[in-house]
Amino acid sequence: MKKQYICIGCPLGCVLEVEIEGKEVLSVSGNQCPVGEKWIREEIKAPKRTLLTVLPVKNGKFDTVSVKSSKPVPKDRIPELLQILARVEVEAPVHVGDVILHNPLGLNVDIVATREA
Amino acid sequence: MNYDVVVIGGGPGGLAAALRAHELGLKVLLLDENEFLGGILPQCIHPGFGTVIFKKDYTGPEFASIFIHKIIEHKIPYKLNAHVLEIRNYSDMEKIVVYTSPEGVREVWTRTVIYAAGARERHQFEIGITGDRVSGVLTAGEAQTYMDLYGMLPGKNVLIVGSGDVGLIMARRFALEGATVKMVVEMMPYPGGLARNIMQCLNDFDIPLYLSHKVLEVRGRGRVERAKIVKIDENFKEIPGSEFWVDCDTVLISAGLVPKVKPLRNIGVRIDPRTGGPVVNEYFETSVPGVFAVGNSLVINDLVDHVVEQGELAAEGAAKFVKEGISSRRWIKISAGEGVRFVVPHYISGERDVFLNLRVQKPMDNVYVHLPEIGRKIKKLAVKPSEMLRIRLRQAQIKDVDEITVEVRK
Amino acid sequence: MVKVAVIGAGVTGMSIVRELTRYQNIEVHVIEKQSDVGWGVSKANTALIHGGYDDDPERFPVRAKLCIRGNRLWHRWVKELQIPHIWNGALIVAKKDEDFKELEILLERGRKNGVPEMRIIEREELFAMEPHVVKDALGALWVPVVGQIGPIPAVIAIAENAVANGAKLHLDSEVLDIEHTEKDWIIKTPQESIRADYVINAAGLYADKIARMAGFENFSITPRKGEYWLFDDDVAPKPAHVLFPTPTKISKGVVVTTEISGHLMIGPNAQNLPAEEKENLANTREGLDEVWHKAQEIWPAMPPRSKVIRTFAGLRPEPPEGDFIIRHEDAGFINAAGIRSPGLTSAPAIAEEVANIIAGLGVELKIKNDWNPMRQEISHFFMMTPQMVNDMVAKSPAYGKIVCRCNKVSEGDVLEAIERMKFIGVKTPCVDSVKFRTKATTGTCQGSFCRPRIVKLLAEAYNLQPWQITLKGPGSEMGVGDIKVLLRGDAQ
């Protein structure tokens, strides 16, 4: 089966022509860099996304701190991660790059601050 | 106080301009209206920043912090909560910037001004939405402030007007925090934002995108309760009988940005009606000598990386202005021709390499960018209005012409 | 002490209240269902102090008498209360020869009603006054006594002055029932029962309902909608005077004017709504289009639609016979009802009228010696010189910090507005309350930058969370909760 995907690797948004059989990628074309091929193979097998959200901050310069997952997280584990984060409050001060939660899903992915507070 | 350059606006354009100007040995003052530097970047918590200049995918706050740290490290003077009341064009050589801040109203003299005050969002009245004026109608930027700075959720059933990147990204923001995004409504027959955002912001959350539709009316008592939507044809005419209502408590307006140029207009800066920003030369100097404009005050950009480049280039222009003055044997006029909505800059000297920034009028495949006067032709596989095209012109290619027309066609 | 309860904190009710606070033996209570004053009929109208040439003394004797009287009184009130205003006069434009016949009628009616200084002017004089009026204009009726005012700022100013002079405001207090006992009236609201010797019904669109609660079923009020367009302050050209077309049998016509903040404004049309649609303030495309086309008939130089900063609609409370209903019904229940146009103009005169009615009922009105007619406006950054700003900054840095960038409203201005809200008894913090006191959120961007900041300042001042702040009272909250409220599943 041939399918079209839009690469989310960067803002370029290459249109990838992918030949798939089940969860197996047979061929990829249309990508302008290797990121595209790597991404689509993963996207078909086990899609992952970087999670971005904000968390409330106590006694900080700002009311919230923006955070990201240090690596992309399997899409099907994101709801679980959101539930964990829904009950987190961060104590100020926070610096960019601080680990807010260490490995919450056991997948070697941390929750890291992207803004100070 | 006397400065070589006063930079107005501490977003990416202003930060980059201030840093580069400092590197070039100019005496800089940076003014910003907010309580923090970074402009809108601190509230843009999604990634996609820095892929061109850093070859890395930063979030908005991370990208901003790189520049902010450098500003602090180099001890470049800046004022927060500083709102510019007036720029005065005292002479071709000197400007006066009047601003207010918690320290009071101050006047500073400067050789040049780099104006990087950003843009404002179009609002519900401007895009002709009628009905009730109630809580729950807000622009994407206002929603970002509530959610990503203040930690407040503005609504739970959201209808998004406009499929530009900001609209798409906010669709995902709401969905991730547990809200229901009913749909994204887009007037054009194609999406306004990057393809990858359709994929990861809408498709991931099964959010429907209604192309060739528009919101007519919002109704509710106190709070939004429903919105009326209509299908439109290729001439943007409403199709009778196609109206339908959507229940929602929030209508998010993401209908484009308008450069904020009032202080420039007040000193007689020529404005290009097609960009909404000033007419500029290759250093982004406006029609008023010594006044430069960059970022979304110049033209609405889609990548922060380009804004940074504009800031740096304007700083180089300011340095040239201060040291030797900017001049050209003759200015070559750059005109938007067939298929092109606008081109920036509007004038080039032909004495150095430049980038032309342009947007096409509609999406097209397998087209050429034609520059007939200098006999150049550049192939493009796909072009769309949502993505700014950048054409590099090398000095050697710029011939002895008065005008270069930029056309995008087969 | 004689206790008077005024129902309705619009310009009519509050003017009556201010008048009654002049007397030492009267205790005045105002009962208002909205969260702040002036949010009913007073909020959205053409904001004119009319001349009084329009009201036929045969058919509408009360209007004919009170309009010009109110106009004269406003000259004093705007100064005592520091209400934003401009006395710039109106031109009723004639485009056809037969229009002059109509203008003659207006001129004669104005003379009968006591309106001074009106005259018919010719084409040349008209174009000298308004160079951009429609080219085929032949002349106009010039009414120099007409003025413009900020209607809600006026109600706010009157309310602050009335409260300073002892009036008590009960906001968020919808009247649920009115009971008449042997000796007095009991007015029930969700929070309390208020006893009064006299009740004054100034309930605007709901004056019929209030009268019925008190047992007086003799009139009904129907809403008439008018829609408006407001443009950015940098559009050109703008008229220097209030421009009317020559009226027809049906309507006074669409006005083209530069409102007191410098915005070109056009409107209203007139659409009669069913009696039950008293909350229908929705703008309609048909209504707005009608206003646009009619405005173009006298002002062809309309700005592009991209310069629209707001559209809005107001309802006028139409009484059955067209004239104001200002009378004592029975047992101390006084109506000030059906106050349609020129109600804003007439308000100070209506106040005098109602005081006379009370006096006529045998209440001796004893002047309060320490009654203070003066009220000071809050500070406005946009009206200050740099020196004045710096003097204020020396007291508080907030005066140098801009919140609303389009209209240049400082944090100090906003904090003063919040203080004044608390002073008159605003319990529900509303962004609109700040907006009407400071002009924040009403500029080019319509608040997308400053509204969040105002929400925060209100939350701090009222010790609430940002999502508990409302736009315009309960039911218009700005948010559903903190950012994680839905994920945790504990949203209300």
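Residue numbering note: each chain is counted from 1, following its sequence as written. All chains are assigned letters beginning with A, and all ligands numbers beginning with 1, in the order in which they are written. Two thresholds apply to this predicted model, a pLDDT of at least 70 for residue-level local features and 80 or more for giving and counting side-chain atom pairs, whereas whole-chain, interface and lining totals are computed over all residues. Note that water and hydrogens are dropped before the side-chain values are worked out from all heavy atoms of the structure.

Trainee: Could you clarify how one ought to interpret the domain arrangement of chain B in this entry?
Mentor: When the parts of a complex come together, some accessible area is lost, and that lost area is often used as the size of the interface. Residue and element names in this part refer to chain B. Once the domains are mapped, chain B shows domain 1 (1–121 + 256–327), domain 2 (123–255) and domain 3 (328–410). Residue contacts follow a heavy-atom distance rule, with two residues in contact if any of their heavy atoms lie within 4.5 Å. Each side of the interface is counted separately: domain 1 has 13 residues, and domain 2 has 17 residues. Accessible area, probed at 1.4 Å, shrinks when two parts are joined; the buried area is that loss added up over both. Counting the surface lost from both domain 1 and domain 2, the interface buries some 1,100 Å², and carbon and sulfur atoms represent 47% of this. We define a salt bridge as a contact between a side-chain nitrogen of Lys or Arg and a carboxyl oxygen of Asp or Glu at a distance within 4 Å. On the surface where domain 1 and domain 2 come into contact, there are one salt bridge. Of the charged contacts in the structure, one is a salt bridge between E126 and R120, with a shortest N-O distance of 2.8 Å. Think of a polar contact as two N or O atoms within 3.5 Å of one another; within protein, one of them needs to be a possible hydrogen donor and the other a possible acceptor, and neighboring residues in sequence only count if both atoms come from side chains. Our enumeration of links across domain 1 and domain 2 arrives at seven residue pairs in polar contact (both at pLDDT 80 or more). Where each domain begins and ends follows an automated or database-derived domain assignment.

Trainee: In this structure, what is going on with the interface of chain C and chain A? I would like to understand it.
Mentor: In this complex, chain C contributes five residues to the contact, which on the side of chain A involves nine residues. Here chain C meets chain A over a buried area of about 610 Å², counting both sides, of which 56% is carbon and sulfur. Summed over the three residues of chain C that lose the most area to chain A, namely K484, L487 and R488 of chain C, the buried surface amounts to 75% of that side. Summed over the shared surface of chain C and chain A, the result is one salt bridge. For D63 of chain A, the salt bridge is made with K456 of chain C, and the minimal N-O distance between the two is 2.7 Å. Our count for the chain C to chain A interface comes out at four residue pairs in polar contact (both at pLDDT 80 or more). Across the side of chain C that touches chain A, the residue classes tally to two nonpolar, no polar and three charged. Gly is put with the polar residues, along with every residue not named as nonpolar or charged; the nonpolar set is Ala, Val, Leu, Ile, Met, Phe, Trp, Tyr, Cys and Pro, and the charged set is Asp, Glu, Lys and Arg.

Trainee: Explain the pairing of strand β7 (residues 139–143) of chain C here, please?
Mentor: All names here are of chain C. Here the term buried applies to any residue with accessible area under 20% of the maximum for its type, exposed to any over 50%, and partly exposed to those in between, with areas from a 1.4 Å probe on protein chains only. Helix and strand assignments follow DSSP, with helices taken as H or I runs no shorter than four residues and strands as E runs no shorter than two, numbered in order from the N terminus. By the criterion of burial, β7 is predominantly enclosed, with five of the five residues buried. Burial along β7 is two-sided: G139, L141 and V143 and A140 and W142, pointing in opposite directions, are all buried. Strands are labelled as partners when DSSP assigns at least two bridges between them. Bridge count for strand β5 (residues 90–94) against β7 is five bridges, and the pairing is antiparallel. If you follow A94 over to β7, its bridge partner there is G139. With four bridges joining them, strand β6 (residues 119–122) and β7 adopt antiparallel strand pairing. Paired with R119 across the two strands is W142, which belongs to β7.

Trainee: What should I look at first to understand the domain arrangement of chain C in this one?
Mentor: Residue and element names in this part refer to chain C. Domain boundaries in chain C define domain 1 (1–83 + 148–221 + 319–377), domain 2 (90–144 + 222–313) and domain 3 (381–486). Summarising the inter-unit geometry, the C-alpha centres of domain 1 and domain 3 are found 29 Å apart. Each side of the interface is counted separately: domain 1 has 18 residues, and domain 3 has 15 residues. Of the roughly 1,400 Å² buried between domain 1 and domain 3, counting both surfaces, carbon and sulfur atoms make up 55%. Its largest share of buried area at the contact with domain 3, domain 1 owes to S35, W39 and E160, together 32% of the area lost on that side. At the boundary of domain 1 and domain 3, one finds two salt bridges. For R437, the salt bridge identified is with D36, shortest N-O distance 2.7 Å. The tally of links from domain 1 across to domain 3 stands at six residue pairs in polar contact (both at pLDDT 80 or more). In terms of residue count, helix α5 (residues 151–164) provides more of the side of domain 1 that touches domain 3 than any other element does, seven residues in total. Grouping the amino acids of the side of domain 1 that touches domain 3 by side-chain chemistry returns ten nonpolar, two polar and six charged.

Trainee: Looking at this structure, I do not really get the packing of aromatic side chains. What am I missing?
Mentor: Within a pair of aromatic rings, the relevant descriptors are the distance that separates the centres and the angle that separates the planes. Residues and elements named next belong to chain C. Stacked, tilted and edge-to-face are the three classes assigned to paired rings of Phe, Tyr and Trp, where Trp is represented by its six-membered ring and a pair needs centres within 6.5 Å; plane angles under 30 degrees give stacked, over 60 edge-to-face, the rest tilted. A complete count under the given rule lists 18 aromatic pairs over all chains for this structure. Between W185 and F216, the ring centres sit 6.5 Å apart and the planes meet at 50°, which makes this aromatic pair tilted. Of this pair, W185 sits in strand β11 (residues 185–188) while F216 sits in the loop between α6 (207–213) and β14 (222–231); the two residues are 31 residues apart in sequence, bridging distant segments of the chain. F216 matches W185 in its accessibility class, with the two residues each being buried.

Trainee: Looking at this model, I keep getting lost on the interface of chain B and chain C. Mind explaining?
Mentor: Of the residues lining the interface, 52 residues belong to chain B; the matching set on chain C comes to 59 residues. Where chain B abuts chain C, roughly 4,500 Å² becomes buried across the two surfaces, and 54% of that area is made up of carbon and sulfur atoms. The largest contributions to the chain B side of the interface with chain C come from F125, R133 and Y150 of chain B, which together make up 16% of the buried area. Connecting chain B to chain C are 27 residue pairs in polar contact (both at pLDDT 80 or more). Here the residues of the side of chain B that touches chain C are counted per class, giving 16 nonpolar, 16 polar and 20 charged. Here two bridges tie strand β12 (residues 152–153) of chain B to strand β24 (residues 481–482) of chain C, and the two strands are oriented antiparallel to one another. Counterpart to M152 of chain B in the pairing with β24 of chain C is D482 of chain C.

Trainee: What should I look at first to understand the nonpolar core in this one?
Mentor: Within the largest apolar cluster, 108 residues are counted, with the highest numbers of intra-cluster contacts made by F174 of chain B together with M14, V37 and W74 of chain C. Nonpolar core, defined: a set of buried Ala, Val, Leu, Ile, Met, Phe, Trp, Tyr and Cys residues in which side-chain atoms within 4.5 Å join the residues together. Within the second largest apolar cluster, 64 residues are counted, among which are L15, F67, I68 and A319 of chain B.

Trainee: Please clarify how the packing of helix α2 (residues 61–81) of chain C against α5 of chain C should be interpreted in this entry.
Mentor: Between two packed helices, what matters for the description is the angle formed by their axes and the separation of those axes. Residues and elements named next belong to chain C. Interhelical geometry of α2 versus α5 gives an angle of 70° and a closest axis separation of 10 Å. What the angle tells us is that α2 and α5 run roughly perpendicular. Here the hand of the crossing between α2 and α5 comes out left-handed. Mapping the contact onto sequence places W74, W77 and L81 in α2 and A154, A157, I158 and N161 in α5. Per-class residue counts for the contact of α2 with α5 are six nonpolar, one polar and no charged. Axis lines are fitted to C-alpha atoms, over the contacting stretch for helices. Their N-to-C directions set the angle, which ranges from 0 to 180 degrees. Orientation labels follow simple angle bins: below 35 degrees gives roughly parallel, above 145 gives roughly antiparallel, 65 to 115 gives roughly perpendicular, and whatever is left gives oblique. By the definition used in this description, the sense in which the near helix is turned from the far one sets the handedness, with an anticlockwise turn below a right angle giving left-handed and a clockwise turn giving right-handed.

Trainee: What exactly am I supposed to notice about the sheet that holds strand β29 (residues 403–409) of chain B here?
Mentor: Each strand in a sheet pairs with its neighbour through backbone hydrogen bonds, running either in the same direction (parallel) or in the opposite one (antiparallel). All names here are of chain B. Taken together, the five strands give an open sheet; going across it, the order is β24-β22-β29-β26-β27, and neighbouring strands pair in mixed fashion. This sheet does not close on itself; its edge strands, each paired only once, are β24 (347–348) and β27 (376–383). Sheet topology places strand β26 (residues 364–371) next to β29; three bridges connect them, and they run antiparallel. Paired with Y368 across the bridge in β29 is R409.

Trainee: Before we go on, may I ask you to explain the pairing of β14 of chain C in this structure?
Mentor: Both faces of the sheet carry side chains from a regular strand, because those side chains alternate between them. Residue and element names in this part refer to chain C. Within β14, eight of the ten residues are buried, which leaves it mostly tucked inside the rest of the structure. Pairing geometry for β14 and strand β18 (residues 271–272), over two bridges, is antiparallel. Note on β18: the bridge partner recorded for K225 is Q271. Where β14 and strand β17 (residues 264–267) come together, two bridges link them in antiparallel fashion.

Trainee: So what exactly am I meant to see when it comes to the sheet that holds strand β10 (residues 130–131) of chain B here?
Mentor: Residue and element names in this part refer to chain B. Spatial ordering of the open sheet is given by β10-β16-β17-β18, a layout of four strands whose pairing is mixed. The open sheet has two free edges, formed respectively by β10 and β18 (244–247), since each of these has just one partner strand. Judged from the two bridges that link them, β10 and strand β16 (residues 213–219) form a sheet pairing that is parallel. Directly across from G131, in β16, lies its bridge partner V218.

Trainee: So what exactly am I meant to see when it comes to the packing of helix α1 (residues 12–23) of chain B against helix α2 (residues 60–73) of chain B here?
Mentor: Residues and elements named next belong to chain B. Interaxial distance between α1 and α2 falls to 10 Å at its minimum, and their mutual angle equals 30°. Pair α1 / α2 crosses with left-handed handedness. Where α1 approaches α2, its residues P12, L15, A16, A18 and L19 are matched on the opposing element by F63, A64, F67, I68, K70 and I71. Grouping the constituent residues of the contact of α1 with α2 by class yields ten nonpolar, no polar and one charged.

Trainee: Just to check I follow, could you spell out helix α10 (residues 411–424) of chain C for this structure?
Mentor: Owing to its 3.6 residues per turn, the α-helix brings residues three or four apart onto one side. Residues and elements named next belong to chain C. Expected helix span is given by 1.5 Å per residue-to-residue step, counting one fewer step than there are residues. If you check α10, its first and last C-alpha atoms are 20 Å apart, about what 14 residues at 1.5 Å a residue would give, namely 20 Å. For α10, the buried fraction is high: ten of the 14 residues fall into the buried class. Inspection of α10 places E411, G412, D413, V414, E416, A417, I418, R420, M421 and I424 among the buried residues, and these make up the whole buried set. Sitting at the head of α10, S410 places a side-chain oxygen 3.3 Å from the backbone nitrogen of G412. Looking at the residues trailing α10, positive phi occurs at G425, about 100°.

Trainee: Which parts of the structure should I look at to understand the environment of W371 of chain C?
Mentor: Residues and elements named next belong to chain C. Within the element layout of this structure, W371 appears in the loop between α8 (343–360) and α9 (386–395). Judged by its relative accessible area of 18%, W371 falls in the buried class. Between the alpha carbons of W371 and I350 there is a distance of 20 Å; along the sequence they are 21 residues apart. Aside from chain neighbours lying at most four places away, what touches W371 is R18, T21, R22, N161 and N165. Of the polar contacts made by the side chain of W371, one reaches the side chain of T21; its length is 3.0 Å.

Trainee: Would you mind showing me how to read the side chain of N45 of chain C here?
Mentor: Residues and elements named next belong to chain C. Here N45 shows up in the loop between β2 (26–31) and β3 (48–49). There is a polar contact of 3.3 Å between the side chain of N45 and the backbone oxygen of V41. Among the polar contacts listed, one links the side chain of N45 to the backbone oxygen of S42, at a separation of 2.9 Å. Contact partners of N45, with chain neighbours within four places excluded, come to P151, Y228, M265, F312 and L344.

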